[in-house]
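# Structural description and commentary
Chain residues, written in single-letter form:
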Amino acid sequence: LPSPRPSPLARLRWWISIFIVAIAFTILAVRQQRFISRYAVNVMFFDQWSFYSVLFKGGGWWASFDYQHAPHRQGVGFLLTRVIANATHWNSRADAFGVGFVLIAAAAFAIPLAWLCGAREPLTWLAIPLLYFNLRQYESLIGTPNISHGAMPILLFTLYCLALFVPRTSVRLALVSVLTFGMMFTGFGIFIGLVTPMVLAIEFLQALISRKTTHSLLVLAALIANGLSWLAFAHGYDFALATGGVPFPWIRPVEYFYFVGAMFANSYGVFGTAPPIIAFGLFVAACLVSLCLYHAWRMIRFGVEHQPRSAVIFSLAAYSLIYVANTAIGRINLDWRQQALGSRYVTLLIAASLAIFLQLSTLKPRPLAAILGILYALCIAPNSFYLNKTDWGFVHWFHDGKVNWKNAYLTTHDEETANRISGFRVYPTPGAITDELNYLEEHHLNLFYRPQPK
């Protein structure tokens, strides 16, 4: 409660605020699921044919966990995908719902995280469902649904942040090590493997300076565990597949900054690549850099174990900056004006928005924090509720194209004919998925599954 002995009026206001947040959380979660139900189609699309190759080839559970899909591995997310696939005859709509439910779980854990960080005004928590259930991430939901890409890393990251508040050092470091390993192997959670050692290095030096032998040994063990996680990740890793032959540095290095600015702005629903929009995105990036520097200073001055809030905000901000920098470097050879506006990036940039929200809603004095947190929620609300004309065009392109291709293929059983009739492709290279389509038909999976009448 907001105070040890709140007045009856304060208690009433508290519970009314909790009720409002619960209603908003439920409405936004249901809206997300209804969106998936309306636009998700039971046919694999583009990258799904690739990362499902483990199942096509009959690979085991470790092969599912370890599978490299371009720069990242599939990890924990694909283990869940495998369970869902086995239970639903490889239904692609079930994968989309899986992404949605993982985001719901992540948002549910983010509320106690906000409380632990010091966001004690419940109305500020409205920002959490608005961030986690943002329709701007439609590509992750109905385009190429991949639980491993963004949703599962965000869930694991939220749990990682909660683990930083565990008071017992040995348990905290063990949880951080396990979650770092899980994130590194799961989609673009890989970059937490660069953030965790920064936090642990500060704590290790502090323990050495304070001559806390047991503490320093525990942190050293966690650092070694992080190193072993990288060795395990690197085993069998195809670096050529990860880089895609993109030259570095790019011939026009300033375009890296344009990419980063447009990417951050797009996550807030500020769509486009005009100079003011890029300037706004770069302002967000500058805020995140400031948060990294400020909270790194706090951890160094007061100790990591005594500043879990700073460790959380630093980790969220640092991860986001590394992620957008990596994306800019890896995709700059394509048309950055299109690539930077990818809907699939929005899910992972929840971490950046959450860092800013936690900073604003935990300032002192508390009334100021409450006002800023509520204002932040109000500012991001339109982005969560509204999709622009271009976005809706992509949503209908995904849905209508998949439906038309599926119907055409079930009628003709010829991929190239289905491509021509529908004017749509479910895989970029014609004829490359013939064996996979035959496998699905032979085993009555995905678009070929028909429930038997009782």
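The structure this text deals with has already been given above.
Before going into details, it helps to say that this report is about the structure given with it. Remember, it's a predicted structure, so these values are computed and weren't measured experimentally.

Turning to the overall build of the protein, a few remarks are in order. The helix and strand tally for the protein stands at 23 helices and two strands. Since a compact globule built from 454 residues should have a radius of gyration of about 22 Å, the 23 Å found for the protein is in line with a globular shape. In terms of overall dimensions, the protein has C-alpha extents of about 70 × 55 × 50 Å along its principal axes. Per-residue burial over the protein gives 55% buried out of 454 residues. Within the protein, contacts between residues separated by at least 24 positions form 74% of all contacts whose residues are at least 6 apart in sequence. If you sum the accessible surface of the protein, you get close to 20,000 Å²; carbon and sulfur atoms cover 67% of it. The centroid of the 32 positive side-chain charges in the protein is displaced by 17 Å from the centroid of its 19 negative side-chain charges.

Taken as a whole, the second largest pocket encloses approximately 260 Å³ of empty space. The wall of the second largest pocket is formed by 13 residues, among which Cys117, Arg309, Thr362, Leu363 and Lys364 lie closest to the centre. Elements with a minimum of two residues in the lining of the second largest pocket: α15 (275-302), α19 (350-361) and α20 (366-385). Its residues placed into classes, the lining of the second largest pocket shows four nonpolar, four polar and five charged.

Inspection of the secondary structure assignment puts Gly100 in helix α6 (residues 92-117). Note on Gly100: relative accessible area 0%, which makes it buried. Not counting the four nearest positions on each side in its chain, Gly100 is found in contact with Gln32, Gln33, Ile36 and Leu141.

With that settled, consider the packing of aromatic side chains. Evaluation of the coordinates by the stated rule reveals 44 aromatic pairs. Ring geometry for Trp14 versus Trp125: centroids 6.4 Å apart, planes at 85°, classification edge-to-face. On the criterion of sequence distance, the pair formed by Trp14 in helix α1 (residues 8-39) and Trp125 in the loop between α6 and α7 (127-132) is long-range, its members being 111 residues apart. Under the relative-accessibility criterion, Trp14 is labelled buried at 7%. Chaining the aromatic ring pairs together yields one cluster made of Trp49, Phe51, Tyr52, Phe56, Phe78, Trp90 and Tyr439.

How each quantity is defined
Residues numbered from 1 in each chain as written. Predicted model: local features only at pLDDT ≥ 70, side-chain atom pairs only at ≥ 80, totals over all residues. Heavy atoms only, no water. Helix = DSSP H or I, 4+ residues; strand = E, 2+ residues; numbered from the N terminus. Rg over C-alpha atoms; globule rule 2.2 N^0.38 Å. Buried < 20%, exposed > 50% of the residue type's maximum accessible area, 1.4 Å probe, protein only. Contact = heavy atoms within 4.5 Å. Areas by Shrake-Rupley, 256 points an atom, 1.4 Å probe, with all protein chains shown as cover. Lys, Arg positive; Asp, Glu negative; His and termini not counted. Charge placed at Lys NZ, Arg CZ, Asp CG, Glu CD. 1 Å grid on protein atoms, 1.4 Å probe; cavity = no way out; pocket = protein on both sides within 12 Å on 5 of 7 lines; lining within 4 Å. Points joined across faces, edges and corners; volume = space filled by probe spheres on them. Nonpolar A, V, L, I, M, F, W, Y, C, P; charged D, E, K, R; others polar. Phe/Tyr/Trp six-rings, centres within 6.5 Å; stacked < 30°, edge-to-face > 60°.

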